[in-house]
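In case you want the letters, here they are:
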Amino acid sequence: MVDLSRRNFMRAKNVATPAPIRLPWVADEKLFTRGCTQCGDCIEACEEKIIIRADGGFPEINFAAGECTFCQKCVVACDELLFKPLDTLPWQLAIEIQTSCLTKKQVHCQVCQDSCEPQAIKFNYIHGSVPQPEIALADCTRCGACVAVCPESAIKISTALLGVGHE
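Computed from a predicted structure; not experimentally measured.

Asks: Can you help me understand the overall build of the protein in this one?
Replies: Assigned secondary structure in the protein consists of six helices and six strands. Ordered by position from the N terminus, the helices and strands of the protein form the series α-α-α-β-β-α-β-α-β-β-α-β. Residues counted as buried form 37% of the 167 residues belonging to the protein. Residue pairs in contact within the protein that sit at least 24 positions apart in sequence constitute 65% of those at least 6 positions apart. Taken as a whole, the protein presents about 9600 Å² of accessible surface, with 54% of it coming from carbon and sulfur.

Asks: Just to check I follow, could you spell out unusual backbone geometry for this structure?
Replies: When glycine is set aside, most residues are seen to have a negative phi, and most peptide bonds are trans. At phenylalanine 70, a position not held by glycine, the phi torsion is positive, near 55°. Tracing the backbone shows phenylalanine 70 in the loop between strand 2 (59-61) and helix 4 (73-77). The phi torsion at glutamine 106 lies on the positive side, around 65°, for a residue other than glycine. Locating glutamine 106 in the fold gives a position in the loop between strand 3 (94-97) and helix 5 (111-115).

Asks: Where do I start with the nonpolar core in this structure?
Replies: For soluble globular proteins, the rule of thumb is that nonpolar side chains tend to be buried together. Ranked by size, the top nonpolar core spans 37 residues in total, and within it Leu23, Ile51, Ile61 and Phe63 carry the most contacts. Going through the elements one at a time, helix 3 (41-45), helix 4, strand 3, strand 4 (121-124), helix 6 (145-149) and strand 6 (155-158) are the ones with two or more residues in this core. Beyond its immediate stretch of four places on either side in the chain, isoleucine 61 contacts Ile21, Arg22, Leu23, Pro24, Ile50, Ile51 and Trp91.

Asks: Please explain the pattern of salt bridges as it appears in this structure.
Replies: When charged atoms on two side chains of opposite charge get close, those side chains can pair. Within this structure, the stated rule accounts for three salt bridges. For lysine 73, the salt bridge is made with glutamate 47, and the minimal N-O distance between the two is 2.2 Å. Separated by 26 residues along the polypeptide, lysine 73 in helix 4 and glutamate 47 in the loop between helix 3 and strand 1 (51-53) bring together distant segments of the chain. According to the relative accessible area criterion, lysine 73 is partly exposed, its value standing at 39%. The exposure class assigned to glutamate 47 is partly exposed, which follows from its relative accessible area of 48%.

Asks: Quick question: what am I supposed to make of the packing of aromatic side chains here?
Replies: The relative placement of two aromatic rings is captured by the distance of their centres and the angle of their planes. Enumeration according to the criterion identifies four aromatic pairs in this entry. Taking 6.3 Å as the distance between ring centres and 80° as the angle between the ring planes, the aromatic pair formed by tryptophan 25 and phenylalanine 70 counts as edge-to-face. Of this pair, tryptophan 25 sits in the loop between helix 1 (4-10) and helix 2 (29-35) while phenylalanine 70 sits in the loop between strand 2 and helix 4, and the two are 45 residues apart along the sequence. We classify tryptophan 25 as buried; its relative accessible area is 3%.

Asks: How should I be thinking about the side chain of arginine 22 in this particular structure?
Replies: Here arginine 22 shows up in the loop between helix 1 and helix 2. Among the polar contacts made by the side chain of arginine 22, one reaches the main-chain carbonyl oxygen of proline 59 at a distance of 2.9 Å.

Asks: So what exactly am I meant to see when it comes to the environment of glycine 66 here?
Replies: Structurally, glycine 66 is set in the loop between strand 2 and helix 4. For glycine 66, a relative accessible area of 12% gives the class buried. Sequence separation between glycine 66 and glutamate 48 is 18 residues, and the spatial gap between their C-alpha atoms is 6.7 Å.

Asks: What is the right way to look at the side chain of threonine 33 in this model?
Replies: Turning to its location among the elements, threonine 33 is positioned in helix 2. The exposure class of threonine 33 is buried, given its relative accessible area of 9%. Engagement of the side chain of threonine 33 in a polar contact is seen with the backbone oxygen of lysine 30, the distance being 3.3 Å.

Procedures and definitions
- Residues numbered from 1 in each chain as written.
- Predicted model: local features only at pLDDT ≥ 70, side-chain atom pairs only at ≥ 80, totals over all residues.
- Heavy atoms only, no water.
- Helix = DSSP H or I, 4+ residues; strand = E, 2+ residues; numbered from the N terminus.
- Buried < 20%, exposed > 50% of the residue type's maximum accessible area, 1.4 Å probe, protein only.
- Contact = heavy atoms within 4.5 Å.
- Areas by Shrake-Rupley, 256 points an atom, 1.4 Å probe, with all protein chains shown as cover.
- Core = buried A, V, L, I, M, F, W, Y, C linked by side-chain atoms within 4.5 Å.
- Salt bridge = Lys/Arg side-chain N within 4 Å of Asp/Glu carboxyl O.
- Phe/Tyr/Trp six-rings, centres within 6.5 Å; stacked < 30°, edge-to-face > 60°.
- Polar contact = N/O pair within 3.5 Å; in protein donor to acceptor, adjacent residues only side chain to side chain.

Any link to function would need more than the numbers given here.
Listed below in structure tokens is the structure:
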């Protein structure tokens, strides 16, 4: 089994690097790194081309490249038993809007809201300020559509268990 934290330490990489975002429906990180053969079938199957080969050759999601449509093709393409049933939540990820958001600098921008199909991002109008974004966590699928379009890369999706709607 590949221990990616040890690999990062040996490369003198920042050992506090956030955990990678694996494919939707991955059951468990340890099971995934033990069972993934790094064949690349999931990468080839991804219509959105957001699955990349990352540290140790393992696939992970790159939301900067686009959104996940939850088409399930990556799961179907995999011959290994690494995934939860497809009728469960695809993943539990945290999402937050960081202070680098243009609205925090009093610049009007709502591109994240425009890209959000489930309409989980709303803008609150505040007297004397440009509208400020807020994520309705219950409605957000963590598809990443808002991440790729943000001109300031101010929306972060991570493997942390608790998400924050805004800072």
